[in-house]
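Structural overview
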Amino acid sequence: MSANDQTTTTGTDKAKLTLAAATFLAGVVGFYGLEGQSDLIRVVGMVAVAAIAIAIAMTSQPGRNAWSFAREARQELRRVVWPTRQESIQTTLVVLVMVFIVAVLLWLMDMFFMWGVGALVRPGG
């Protein structure tokens, strides 16, 4: 499949996406329109309508592209080398120590500048 095939949206694809959006919107309207019904029935109905809308959208090229992207992202997440608990704790401690050191340095610089500005603007200073 070429890059041009993946980015071109045909009229049929637009119609499918519009139908999927309309189906989902009808489900939302139905959800709020059936306030007198049980919450379970409303939620199950909304989930079913959402599944139908997703199924309609997946038949279009943009839907297939989105599914392909999600699959590739999941594969990429599996390749990530996640840090161990020990590495996470060590890194967190290093960050906390550095934040403390920078905070103290900024506080000292602020005190020095306050003293300098005070000496400059103090009457008779």
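Residues numbered from 1 in each chain as written. Predicted model: local features only at pLDDT ≥ 70, side-chain atom pairs only at ≥ 80, totals over all residues. Heavy atoms only, no water.

Per an unreviewed UniProt entry, the chain is named Protein translocase subunit SecE, and its organism is Spiribacter roseus. The heading Subcellular location (unreviewed entry) in the UniProt record of the chain holds the text "Membrane". One UniProt comment on the chain, placed under Sequence similarities (unreviewed entry), says "Belongs to the SecE/SEC61-gamma family." (UniProt positions renumbered as here; feature names shortened; annotations may be inferred.)

Secondary structure assignment for the chain yields five helices and zero strands. Its helices and strands taken in sequence order, the chain reads α-α-α-α-α from the N to the C terminus. Relative to the compact-globule value of 14 Å for 125 residues, the chain shows a C-alpha radius of gyration of 29 Å, a clear excess of over 25%. The principal-axis extents of the C-alpha atoms in the chain amount to approximately 80 × 45 × 35 Å. Scored against the burial criterion, the 125 residues of the chain give a buried share of 11%. For the chain, the proportion of contacts with a sequence separation of at least 24, taken over those separated by at least 6, is 65%. (Helix = DSSP H or I, 4+ residues; strand = E, 2+ residues; numbered from the N terminus. Rg over C-alpha atoms; globule rule 2.2 N^0.38 Å. Buried < 20%, exposed > 50% of the residue type's maximum accessible area, 1.4 Å probe, protein only. Contact = heavy atoms within 4.5 Å.)

Our next topic: the UniProt feature "transmembrane region" (unreviewed entry) in the chain. Under the feature "transmembrane region" (unreviewed entry), the UniProt entry names residues 17-34, 40-58 and 93-115. End C-alpha atoms of residues 40-58 are separated by 27 Å, and the span's content is 100% helix alongside 0% strand. Note that residues 93-115 is 100% helix and 0% strand, and that its end C-alpha atoms are spaced 33 Å apart.

Applying the stated criterion across every chain, the model contains three aromatic pairs. Judged by centre distance (5.1 Å) and plane angle (90°), the ring pair of Phe31 and Tyr32 falls under edge-to-face. For the ring pair Phe112 and Trp115, a centre distance of 6.0 Å and an interplane angle of 35° mean the geometry is tilted. Taken together, the positions of Phe112 and Trp115, both in helix α5 (residues 85-121) and three residues apart, correspond to about one turn of that helix. Accessibility classification places Phe112 together with Trp115 in one group, the exposed group. (Phe/Tyr/Trp six-rings, centres within 6.5 Å; stacked < 30°, edge-to-face > 60°.)

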